[in-house]
Amino acid sequence: LDSDVAETDLIAIRLTAPQITIQQSPGSTNFNGSVQVLITGFSANPEAPPFIGYTIDGLDPQPLSAAGIGIAQFTLHRTAIIKAIAWQDGMAPSLVRSSGVVEVDG
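Residues numbered from 1 in each chain as written. Predicted model: local features only at pLDDT ≥ 70, side-chain atom pairs only at ≥ 80, totals over all residues. Heavy atoms only, no water.

1. Considerations on the environment of I69
For I69, the position within the fold is in strand 5 (residues 68–69). For I69, a relative accessible area of 54% gives the class exposed. Distance from I69 to T40, taken between C-alpha atoms, is 9.0 Å for residues 29 residues apart in sequence. Setting aside residues up to four positions removed in sequence, I69 forms contacts with P49, P50 and F51. (Helix = DSSP H or I, 4+ residues; strand = E, 2+ residues; numbered from the N terminus. Buried < 20%, exposed > 50% of the residue type's maximum accessible area, 1.4 Å probe, protein only. Contact = heavy atoms within 4.5 Å.)

2. Overview of the packing of aromatic side chains
Considering all chains together, one arrives at two aromatic pairs under this definition. Here F51 and W87 contribute two aromatic rings whose centre-to-centre distance is 5.7 Å and whose plane-to-plane angle is 25 degrees, an arrangement assigned as stacked. With a gap of 36 residues between them, F51 in strand 4 (residues 51–55) and W87 in strand 7 (residues 80–87) connect regions that are remote in the sequence. By relative accessible area, which is 30% here, F51 ends up partly exposed. Note on Y54 and F74: the rings are 4.3 Å apart at their centroids and 5 degrees apart in plane angle, and the pair reads as stacked. One end of the pair, Y54, is in strand 4; the other, F74, is in strand 6 (residues 71–76), with 20 residues separating them in the sequence. Overall, the relative accessible area of 27% leaves Y54 in the partly exposed class. (Phe/Tyr/Trp six-rings, centres within 6.5 Å; stacked < 30°, edge-to-face > 60°.)

What follows is the structure, encoded as structure tokens:
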């Protein structure tokens, strides 16, 4: 190793997994017909929110399949397993977050 060359280790910082929020009517214990879903990503820099990707078929989402920047919001009309991931330039993608089974009647 040349003494004039410094060796550095690169450390990839992983984003926090996005939060999945199932929004239901107050006092309701089940979802009839549809449910609102909000997926929120987190970043150390509020000026640069992460990209959010998600699936509703139980498969893991892949980075670069953007569904939103910072947040993704949609209406779910059937029973599903929601999975979400966040990614941002210069950082390692988050781990996949799963909602578990969300049961929608009707």
